[in-house]
Amino acid sequence: MRSPDRGVRRLAAGGYWRRKMVGLRFRCGIGGLFKVPATQQRRSRAYSVSQDFAEVLRKPKRQLTKLVFPLQELERQLAPDTRPSLHLKLFEPSLEDIARADDLFTATDRHRIEYLSSAVRLEHAPDLLRPEVCFIGRSNVGKSSLIKALFSLAPEVEVRVSKTPGHTKKMNFFKVGKYFTMVDMPGYGYRAPEDFVDMVETYLKERRNLMRTFLLVDSAVGIQKTDNIAIEMCEEFALPYVELLLCPW
Ligand SMILES: Nc1nc2c(ncn2[C@@H]2O[C@H](COP(=O)(O)OP(=O)(O)OP(=O)(O)O)[C@@H](O)[C@H]2O)c(=O)[nH]1
Ligand SMILES: [Mg+2]
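First, a word on scope: everything that follows refers to the structure included in this document. Quick caveat: nothing in here was measured; it's all calculated off a predicted structure.

## Remarks on the coordination of the magnesium ion (ligand 2)
Thinking step 1. Listed as protein donors to the magnesium ion (ligand 2) are Ser-144 (OG) and Thr-168 (OG1); their distances from the metal cover 2.1 Å. Taken as a pair, Ser-144 in helix α7 (residues 143-150) and Thr-168 in the loop between α7 and β3 (171-176) lie far apart in primary sequence, 24 residues in all. With respect to class, Ser-144 is no different from Thr-168; both count as buried.

This is the structure in structure tokens:
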């Protein structure tokens, strides 16, 4: 379910981001750490527990909980938000889910994790049928760093990160086996690429196999005007999206 016509008209009027940057209202808050749309997909791939995760599983229960579910302590500080339309809930994967994810991000000869290509326009994006997820957020919020961390079990995959905002200039496509593609996006806001709207907004609106958009927010500064524009756009394009609050280490 995607893209009401209103979105097209907004694009014609100069693009969602460009237009909204000028006079924007604060619209949306966050009452939990994640917004998770109702359905969570499960995979059927057989998995094994990596050595690192097996070591974590051997820790005493309290230590294990602190390591694996660091948000549990934080949950007490969160104001409950009961608005059903927001689908707010703390994301707490089971140990089995984590083991499965660990396995999914471990590259093998038969399960290749690799950089595919980069594109500055949707029409240059690889023509793929498998599901895709993308990462958006303000420049320098840590999109590329998060993807790099997810690929830590596939160290041969090069994901470029930088201290300088505006580093990622293109949409970078990474294949995770035959399962899905991850797309690292240029950031919005400070030092965003000039063609950001034509590139990213068009991708978000029209990419048919885009199944989930992860919108990264820096918890140290909270939701900024540009984040609100992005949130509003995800809502308007009816994108299934998840807001991720990044906590500084
Ligand atoms: N303090 C802290 N810094 C981090 C963390 N993760 C990444 N960084 C740093 O934050 C910066 C983020 O860089 P990127 O990951 O390239 O940011 P980006 O969102 O991809 O930026 P653009 O490509 O410019 O849109 C880098 O300097 C990282 O070293 C973290 O968890 N804590
Ligand atoms: Mg980047």
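Back to the write-up after that little detour.
## What to know about the environment of Leu-95
Thinking step 1. For Leu-95, the position within the fold is in helix α6 (residues 95-104).
Thinking step 2. A relative accessible area of 33% means that Leu-95 is categorised as partly exposed.
Thinking step 3. Separated by 27 residues in the primary sequence, Leu-95 and Val-68 have C-alpha atoms spaced 8.2 Å apart.
Thinking step 4. Every residue in contact with Leu-95, bar those within four places of it in the chain, is listed here: Phe-53, Leu-57, Leu-64, Val-68 and Phe-69.

## A short note on the side chain of Ser-139
Thinking step 1. Within the element layout of this structure, Ser-139 appears in the loop between β2 (132-137) and α7.
Thinking step 2. In terms of polar contacts, Ser-139 uses its side chain to reach the backbone carbonyl oxygen of Tyr-190, at 2.5 Å.
Thinking step 3. Once residues lying within four places of it in the same chain are set aside, the contact partners of Ser-139 are Pro-165, Gly-166, Gly-187, Tyr-188, Gly-189 and Tyr-190.

## Points about α7
Thinking step 1. What α7 keeps buried is the set Lys-143, Ser-144 and Ile-147. Seen from one end, α7 has its buried residues packed into an arc of 95 degrees, which puts them on one side.
Thinking step 2. Where α7 is buried, its residues meet β2, β4 (180-184) and β5 (210-218).

## Notes on the packing of aromatic side chains
Thinking step 1. Across all of its chains, the model carries seven aromatic pairs by this definition.
Thinking step 2. On the basis of an interplanar angle of 50 degrees and a centroid distance of 6.2 Å, the ring pair of Phe-105 and Phe-151 is categorised as tilted. Of this pair, Phe-105 sits in the loop between α6 and β1 (113-119) while Phe-151 sits in the loop between α7 and β3, and the two are 46 residues apart along the sequence.
Thinking step 3. On the numbers, 6.2 Å between centres and 80 degrees between planes, the contact of Phe-105 with Phe-180 is edge-to-face. Here Phe-180 lies in strand β4 and Phe-105 lies in the loop between α6 and β1, a separation of 75 residues in the sequence.
Thinking step 4. Taken together, the aromatic side chains of Phe-105, Tyr-115, Phe-151, Phe-174 and Phe-180 make up a single cluster linked through ring pairs.

## Let's talk about the pattern of salt bridges
Thinking step 1. Considering all chains together, one arrives at seven salt bridges under this definition.
Thinking step 2. Between Arg-100 and Asp-97 there is a salt bridge, with the nearest N and O atoms lying 3.0 Å from each other. Within this pair, Arg-100 and its partner Asp-97 are both found in helix α6, separated by three residues, close to a single helical turn.
Thinking step 3. Relative accessible area serves as the criterion here: at 21%, Asp-97 is assigned to the partly exposed category.
Thinking step 4. Between Arg-160 and Glu-158 there is a salt bridge, with the nearest N and O atoms lying 3.1 Å from each other. Each member of the pair Arg-160 and Glu-158 is classed as exposed.

Rules behind the numbers
- Residues numbered from 1 in each chain as written.
- Chains lettered and ligands numbered in written order.
- Predicted model: local features only at pLDDT ≥ 70, side-chain atom pairs only at ≥ 80, totals over all residues.
- Heavy atoms only, no water.
- Donors = N, O, S within 2.8 Å, 3.2 Å for Na, K, Ca; no water.
- Helix = DSSP H or I, 4+ residues; strand = E, 2+ residues; numbered from the N terminus.
- Buried < 20%, exposed > 50% of the residue type's maximum accessible area, 1.4 Å probe, protein only.
- Contact = heavy atoms within 4.5 Å.
- Polar contact = N/O pair within 3.5 Å; in protein donor to acceptor, adjacent residues only side chain to side chain.
- Arc of directions from axis to C-beta.
- Phe/Tyr/Trp six-rings, centres within 6.5 Å; stacked < 30°, edge-to-face > 60°.
- Salt bridge = Lys/Arg side-chain N within 4 Å of Asp/Glu carboxyl O.

Everything listed here is a matter of coordinates, which is why it stays silent on function.
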